[in-house]
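# What the coordinates show
Read off the chains here:
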Amino acid sequence: MSIRFTRPSLIRGITTAIAVTTLAQGLAACGGDSDAATKANDAASGSVTVGQFSNGAAKETTLKVSEVKSISAELPDAIRKSGKLVIGHGALPSGSAPLDYVGDDQKTLTGSETDIGRLVAAVLGLKPESKNFTWENLFVGIDSGKVDVGFSNITDTEERKRKYEFASYRQDNLAFEVLRSSNWKFDGNYENLAGKTVEVGAGTNQERILLEWQKKLQDEGKKLVVKHYPDNNSVYVALSSGKIDAHFGPNPTIAYHITQTAKTPKPTANAGTFSGAGASLQGLIAATSKKDSGLAKPISDAINYLIKNGQYAKWLAAWNLSNEAVAKSQVNPPGLPLDNS
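Residues numbered from 1 in each chain as written. Predicted model: local features only at pLDDT ≥ 70, side-chain atom pairs only at ≥ 80, totals over all residues. Heavy atoms only, no water.

### Here we look at the overall build of the protein
The condition is simple: Starting at the N terminus, helices and strands are each numbered in turn, a helix being any DSSP run of H or I of at least four residues and a strand any DSSP run of E of at least two. Three exposure classes are used, based on accessible area relative to the maximum for each residue type with a 1.4 Å probe and protein chains only: buried under 20%, partly exposed in between, and exposed over 50%.
Scanning the protein for helices and strands turns up ten helices and 13 strands. When each of the 341 residues of the protein is scored for burial, the buried share is 57%.

### Considerations on the packing of aromatic side chains
For any pair of aromatic rings, geometry is given as the distance between the ring centres together with the angle between the planes. Note the following rule: When two rings of Phe, Tyr or Trp (its six-membered ring) have centres within 6.5 Å they constitute a pair, described as stacked for plane angles under 30 degrees, edge-to-face for angles over 60, and tilted for the intermediate range. Placement of a positive charge over a ring is assigned whenever Lys NZ or Arg CZ falls within 6 Å of the ring centre and within 35 degrees of the normal to the ring plane.
Evaluated as defined, the whole model comprises 15 aromatic pairs. Judged by centre distance (6.2 Å) and plane angle (75 degrees), the ring pair of Phe186 and Phe274 falls under edge-to-face. Of the two residues, Phe186 is situated in the loop between strand 8 (164-179) and strand 9 (197-200) and Phe274 in strand 12 (residues 268-275); the sequence distance between them amounts to 88 residues. Relative accessible area serves as the criterion here: at 5%, Phe186 is assigned to the buried category. Assessed through its relative accessible area of 10%, Phe274 is described here as buried. Through a chain of ring-to-ring contacts, three or more aromatic side chains come together here, namely Phe176, Trp184, Phe186, Trp213, Phe248 and Phe274. Over the face of the ring belonging to Tyr190 we find Lys216, whose NZ or CZ atom lies 5.3 Å from the ring centre.

### Section: helix 8 (residues 251-261)
Extensive coverage of helix 8 is indicated by the burial of eight of its eleven residues. Here helix 8 has its buried residues at Asn251, Pro252, Thr253, Ile254, Tyr256, His257, Ile258 and Thr261.

### Let's talk about the pattern of salt bridges
Filter applied, for reference: Definition used for salt bridges: Asp or Glu carboxyl oxygen within 4 Å of a side-chain nitrogen of Lys or Arg.
This structure, assessed with the given rule, holds 15 salt bridges. The closest approach of N and O atoms between Lys69 and Glu67, which form a salt bridge, is 3.5 Å. Overall, the relative accessible area of 60% leaves Lys69 in the exposed class. Between Asp156 and Lys161 there is a salt bridge, with the nearest N and O atoms lying 3.8 Å from each other. Neither residue differs from the other here; Asp156 and Lys161 are each classed as buried. Connected via shared salt-bridge partners are Glu74, Lys297 and Asp301.

### Concerning the environment of Thr273
Formally: Contacts between residues were defined by any pair of non-hydrogen atoms, one from each residue, lying within 4.5 Å.
Along the chain, Thr273 turns up in strand 12. Among the residues examined, Thr273 registers a relative accessible area of 45% and is labelled partly exposed. Taking C-alpha positions, Thr273 is 9.3 Å from Pro250, a pair spaced 23 residues apart along the chain. With sequence-adjacent residues up to four places away left out, Thr273 is seen in contact with Leu174, Ala175, Phe186 and Asn251.

### A word on the nonpolar core
Put simply, the rule reads: The nonpolar core is taken to be a set of buried Ala, Val, Leu, Ile, Met, Phe, Trp, Tyr and Cys residues, with the residues joined through side-chain atoms within 4.5 Å.
In terms of nonpolar packing, the biggest core is built from 42 residues, with Leu119, Val120, Leu124, Phe151, Ile299, Trp315 and Trp319 touching the most fellow members. Put simply, the parts of the chain that give this core at least two residues each are strand 1 (47-50), strand 3 (84-89), helix 4 (112-123), strand 8, strand 13 (283-290), helix 9 (296-308) and helix 10 (311-318). The greatest single-element share of this core, amounting to six residues, is contributed by helix 4. Ignoring sequence-local partners within four residues, the contact set of Val120 consists of Phe151, Ile299, Ala302, Ile303 and Leu306. With 19 residues, the next largest nonpolar core counts Phe176, Leu193, Val198 and Ala246 among its residues.

### Focus on the pairing of strand 13
Each regular strand displays side chains that alternate between the two surfaces of the sheet. Stated precisely, the cut-off is as follows: What makes two strands pair is DSSP finding at least two bridges between them.
Of all eight residues that make up strand 13, seven are buried, and the element is covered over most of its length. In this sheet, strand 13 lies alongside strand 8 in antiparallel orientation, the contact comprising eight bridges. Note that in strand 13 the partner of Asp172 across the bridge is Gly283.

### Comments concerning helix 7 (residues 232-241)
This is how the line gets drawn: Each polar contact in these results corresponds to two N or O atoms within 3.5 Å; when the atoms are within protein, one needs to be able to donate a hydrogen and the other to accept it, and residues that are neighboring in sequence are counted only if both atoms are side-chain atoms.
Most of helix 7 sits out of view: eight of its ten residues are buried. Taken together, the buried positions of helix 7 are occupied by Asn232, Asn233, Ser234, Val235, Tyr236, Ala238, Leu239 and Ser240. Of the residues that open helix 7, the one with a side-chain oxygen 3.2 Å from the backbone nitrogen of Asn233 is Asp231. Looking one or two residues past helix 7, Gly242 carries a phi angle of roughly 85 degrees, positive in sign.

### Section: the environment of Val50
On the secondary structure map, Val50 appears in strand 1. For Val50, a relative accessible area of 0% corresponds to the buried category. The spatial distance from the C-alpha of Val50 to the C-alpha of Thr114 is 8.8 Å, given a sequence separation of 64 residues. With residues up to four places along the chain from it excluded, the contact list for Val50 reads Lys59, Glu60, Thr61, Leu63, Asp115, Arg118, Leu119, Trp315, Ala318 and Trp319.

### Thoughts on the environment of Leu306
Here Leu306 shows up in helix 9. Residue classification places Leu306 among the buried positions, given a relative accessible area of 0%. With 190 residues separating them in the primary sequence, Leu306 and Ile116 have C-alpha atoms 9.6 Å apart. Not counting residues within four places of it along the chain, the set of residues in contact with Leu306 comprises Val65, Ile116, Leu119, Val120, Val123, Gln311 and Tyr312.

Fair warning: the whole summary comes from geometry, so function is off the table for now.
Take a look at the structure:
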């Protein structure tokens, strides 16, 4: 899925928002497209530590990984000579655990997406340089060349292939989050959404899917209200107060948030999942670079090296995302169809 990394002003006193507020502190101060502090790979020891400053979202794990010359040789000359890989994240202003957010040191961009970018950079023999943007400006950064590659829970779609090339690294699943007290379930049938009010991130792949369902329901004389909010706190305030029936978003962020609300007065639950590529295809999350940049192949090879040698599985396990593993990274695999079916 692509995703909106939802963002927030810090609202206090709302129990369902306490956990995400803690994780979000400090990110809004980073600015619209600022550099984000990220602890560099320990090149001297040939290791990358994942899960740093995660505020309990991950188990900090140090992984042995260093340059693989046969893969780094595939890099475009300009990237190889620069000695760095500029990695874009669409996490402003508040981030979204466990994917991309400012860590508990209040300055370091952390998360599963940040860490896989650092691991890939290590295999490529490059210094990772993370830049943090709003979701929309991440793609502007790729287009303009300010960013070499985006690692930000970006869904592989056929429409995006008109401008970008992909190297897949994780399954893309979406989920509906509801209050645990709700008896509504989504079983994969869009007709179950009739009469509901659902929040979704603007400009995201899940919005595209939801709006397609909304159109189908309208054609059948039924109503689905789609809402947008600017940040996670606003979403969860709306959910806890009954202003929306469900939040439709990335499965990782929803799974994480459910654990954080478990002991609050308004715990939430997963009401059902859906592939980010639609009913007929398993969606994939992919590293995203400008079309014909020459980066997709070396990045895919770096990911496959990490898969083969075990660092990939340990990275996923550290972030509690093992159920979204892929067997192999692919260059430009089939993505979300243009008809969004």
